[in-house]
Amino acid sequence: MKKVRTRFAPSPTGFQHIGGFRTAMFAWLFAKANNGDFVLRIENTDQARSVNGATKYIIESLEWLGIDISEGPSYEDLKSIDEYWEGAPELNGNYGPYIQSERLTKYQAMAEKLINEGFAYRCDCTPEMLEKERNEQMARREMPGYSGYCRTRNVSKDSSHIVRLKLPGQFSISFDDSVRGHISWENPPLRDPILLKSNGSATYHLASVVDDTEMEITHVFRGEEWIPTTPIHLFLYDSLGIERPIFSHLSHILGVDGKKLSKRHGAASLNVFREEGYLPEAILNYITRIGWSPGEGEEREIFSIDELVKIFSLKGLSKSSGVYDVAKLQWMNGVYLREISLARFNEFALPLLEKEFVNFDRSKWDLVAPVVKDRLKVFNEIPQMVEFLFVENLKRDIDQITSKKIDSEGVRKVLEKAIEKIKNLNDFSIKSLELAIKEIPDELDLKMGPVFIAVRIAVTGKKATPPLFDSMFALGKDKCLKRLEETIKLL
RNA sequence: GUCCCCAUCGUCUAGCCUGGUCCAGGACAUCACCCUUUCACGGUGAAGACAGGGGUUCAAAUCCCCUUGGGGACGCCA
């Protein structure tokens, strides 16, 4: 049996959204699950649209997600695309080069072969002519497409030309998609697609078939937007007598508006999730659950990468597209957050805190980090939770300090009592603080709730915070007293 | 205009292939209660879906057809 080889073949034209990375992840999971290879190939045939930095972004994102690349572009190739990328890795393998701009002669040779065998022809129609033709067809409400003008004209090699695939006027073709089953066409509405552009580079249709063949890709994972042009690829494989790979056309991820994910859905790009503070394993896990499920009898939602590799199968891929739901991602991120070590938590949290607070104090942070960690969904919620520790002029939700249960006079008494008790404390610890403050309700004949809220808002400014005594302890005795006194003046 | 794909709670989905065990199961979100110093966690419970119509069958979420709805493709983009 042939070794399983899958590939991820993005074009470096900008930021990939999570859907793109999900495609990569499924291809990778399948390779891993079958002891195969996962190849990264950069489809930069369209030089005009290539964006500097896009390849770096893709590779670093894959690495961040924990998707390891078996083979990919060499250091030199990477530098030729992203010239300013100093730390570009060396991914090379035995099927290189892995960037399409370096494979042009292979495409040209294949085009030549197709022409010689009568499956393709040269065409010197200008873009203007084609444009005119298309406009006329649209006006007549016909399917736009090339007329086939050059099919029999034997256009010379020497003039500026493109190469087109010669598709039969009538033909039926079909294949078995691993996620959708049998897909067939009676007469696919395709008109002699372009294989080679006038500048000598290949279009996706030619390049992907040539590359997938030469790189011995056994399973092609790609978005369902490729289904309509699959007949072109099938026709190419069949004409050339090459064995077709197994196709898995993945359903799309849609935005909340039900539309295909695009730049408009800014929040759906991986770098944004990264910046907002999601854990890679949470994103990977979440992404996996849209468009795939482990099947009957499995009701868990949380899977480690290793578990995923163990249970992944093509059978679980779903046909219908899905909408990504940030709320569920957040929940999942929270689950992972509660499980990671404090050290790893700090790797993410510290840079954020140092950036946010000029007076950031690591020793104070360490006192509350564990309790903060357990009540977080996303990292970017941290600053507002611990703001009270690192700012001088605290803003308080003072209007929430009173309620039906307590008036401002009551609050004043509570705060005065608190000051008195803290002053009399001979050791300032979480435990002693708790014992002391807990005496207040009885002494003033109040309920526990309003008393704690009063102290909480006085000290931290907010109604919802990490546990009160941990917070007060981290703040320190002097600051606590100062905050309580300040608050009395506000009443 | 032509072709292709898809269709179960608000969302992600199980079940569909191999009809009966499904007055449809889980998760997120929502609501209520419990736990509780707030928040979060956890626990319990509630509400919530087989797009519509025809067949086939003793029996259909499951098989077939049509309708509708959604998505996609029709480029010297991928």
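Residues numbered from 1 in each chain as written. Chains lettered and ligands numbered in written order. Predicted model: local features only at pLDDT ≥ 70, side-chain atom pairs only at ≥ 80, totals over all residues. Heavy atoms only, no water.

**Looking at the overall build of chain A**
Looking only at helices and strands, one finds 20 helices and eleven strands in chain A. Computed over C-alpha atoms, the radius of gyration of chain A comes to 31 Å, more than 25% over the 23 Å expected from 2.2 N^0.38 for 491 residues, which places it beyond the range of a compact globule. Taken over the C-alpha atoms alone, chain A extends approximately 100 × 50 × 50 Å along its principal axes. A buried classification covers 51% of the 491 residues belonging to chain A. Once local pairs closer than 6 in sequence are excluded, the contacts in chain A between residues at least 24 apart make up 75%. Between the mean site of the 67 positive side-chain charges and the mean site of the 72 negative ones, chain A shows a separation of 3 Å. (Helix = DSSP H or I, 4+ residues; strand = E, 2+ residues; numbered from the N terminus. Rg over C-alpha atoms; globule rule 2.2 N^0.38 Å. Buried < 20%, exposed > 50% of the residue type's maximum accessible area, 1.4 Å probe, protein only. Contact = heavy atoms within 4.5 Å. Lys, Arg positive; Asp, Glu negative; His and termini not counted. Charge placed at Lys NZ, Arg CZ, Asp CG, Glu CD.)

**Concerning the environment of glutamate 133**
Tracing the backbone shows glutamate 133 in helix H5 (residues 127–139). C-alpha separation for the pair glutamate 133 and arginine 153, spaced 20 residues apart in sequence, amounts to 18 Å. In contact with glutamate 133, not counting residues within four places along its chain, are Gly145, Tyr146 and Ser147. Looking at glutamate 133, its side chain comes within polar contact range of the side chain of serine 147, at 2.8 Å. (Polar contact = N/O pair within 3.5 Å; in protein donor to acceptor, adjacent residues only side chain to side chain.)

**Some words on unusual backbone geometry**
We note that arginine 141 has phi near 55°; this positive angle belongs to a residue other than glycine. Its location among the elements puts arginine 141 in the loop between H5 and strand E4 (162–165). Of note, aspartate 445 is a non-glycine position whose phi angle comes to about 55°, a positive value. If you trace the backbone, aspartate 445 turns up in the loop between helix H17 (440–444) and helix H18 (448–460).

**Re the nonpolar core**
Core analysis: the biggest nonpolar cluster contains 109 residues, and Phe345, Trp365, Ile382 and Val386 have the highest contact counts within it. When residues of this core are assigned to their parent elements, the largest contribution, ten residues, is made by helix H1 (residues 18–33). In this view, valine 386 contacts Leu353, Phe357, Trp365, Val368 and Val372; residues no more than four positions away in its chain are not counted. One finds Met110, Leu114, Ile183 and Leu206 within the second-largest nonpolar core, a separate group that totals 34 residues. (Core = buried A, V, L, I, M, F, W, Y, C linked by side-chain atoms within 4.5 Å.)

**Considerations on the protein's contact with RNA strand B**
The local shell around RNA strand B holds 61 residues, among which Arg180, Lys259, Gly291, Arg375 and Arg456 are the closest. At a separation of 2.9 Å, a sugar or linking oxygen of RNA strand B approaches a polar side-chain atom of glutamate 43. Residue arginine 141 places a main-chain N or O atom 3.3 Å away from a sugar or linking oxygen belonging to RNA strand B. Those elements giving two or more residues to the surface near RNA strand B turn out to be H5, strand E6 (181–185), strand E11 (322–323), helix H11 (326–339), H18 and helix H19 (468–475). In terms of residue count, the dominant contributor to the surface near RNA strand B is H11 (four residues). Here the surface near RNA strand B is composed, by residue class, of 25 nonpolar, twelve polar and 24 charged. (Near = heavy atom within 4 Å. Nonpolar A, V, L, I, M, F, W, Y, C, P; charged D, E, K, R; others polar.)

**Some points on the side chain of lysine 373**
Within the secondary structure layout, lysine 373 lies in helix H13 (residues 362–373). Within the structure, lysine 373 has its side chain in polar contact with the backbone oxygen of leucine 337 (distance 3.1 Å).

**Quick word on the packing of aromatic side chains**
In the structure shown here, the tally under the stated rule is 18 aromatic pairs. Aromatic side chains phenylalanine 175 and tryptophan 185 sit 6.2 Å apart centroid to centroid with 10° between the ring planes, which places their arrangement in the stacked category. Taken as a pair, phenylalanine 175 in strand E5 (residues 173–177) and tryptophan 185 in strand E6 lie far apart in primary sequence, ten residues in all. Take phenylalanine 175 and tryptophan 185: they sit in the same class, and that class is buried. Taken together, a centroid distance of 5.4 Å and an interplanar angle of 90° make the contact between phenylalanine 273 and tyrosine 278 edge-to-face. With respect to class, phenylalanine 273 is no different from tyrosine 278; both count as buried. The ring centre of tyrosine 95 lies 3.8 Å from the NZ or CZ of arginine 5, which sits over that ring. Sitting over the ring of tyrosine 146, arginine 164 keeps its end group 3.5 Å from the ring centre. (Phe/Tyr/Trp six-rings, centres within 6.5 Å; stacked < 30°, edge-to-face > 60°. Lys NZ or Arg CZ within 6 Å of the ring centre and 35° of its normal.)

**Brief notes about H1**
Given a rise of 1.5 Å per residue, 16 residues ought to cover 22 Å, and the 22 Å separating the end C-alpha atoms of H1 matches this to within 8%. With 14 of 16 residues buried, H1 is to be regarded as a mostly interior element. (Expected span 1.5 Å × (residues − 1).)

**Details of the domain arrangement of chain A**
The domain boundaries assigned to chain A delineate domain 1 (104–250), domain 2 (340–387) and domain 3 (398–490). A separation of 24 Å is found between the C-alpha centroids of domain 2 and domain 3. Facing nine residues of domain 2, the contacting portion of domain 3 comprises nine residues. Taken together, the two surfaces of domain 2 and domain 3 that pack against each other cover about 740 Å², and 65% of this comes from carbon and sulfur. Per-residue buried area on domain 2 facing domain 3 is highest for Lys364, Leu367 and Val371; these three make up 51% of the total on that side. (Domains from an automatic or database assignment. Buried area = accessible area lost by both parts, 1.4 Å probe.)

**Focus on the pattern of salt bridges**
Applying the stated criterion across every chain, the model contains 42 salt bridges. In this structure, aspartate 46 engages arginine 49 in a salt bridge whose closest nitrogen and oxygen atoms are separated by 3.3 Å. A salt bridge links aspartate 374 to lysine 373; the shortest N-O distance between them is 3.9 Å. (Salt bridge = Lys/Arg side-chain N within 4 Å of Asp/Glu carboxyl O.)

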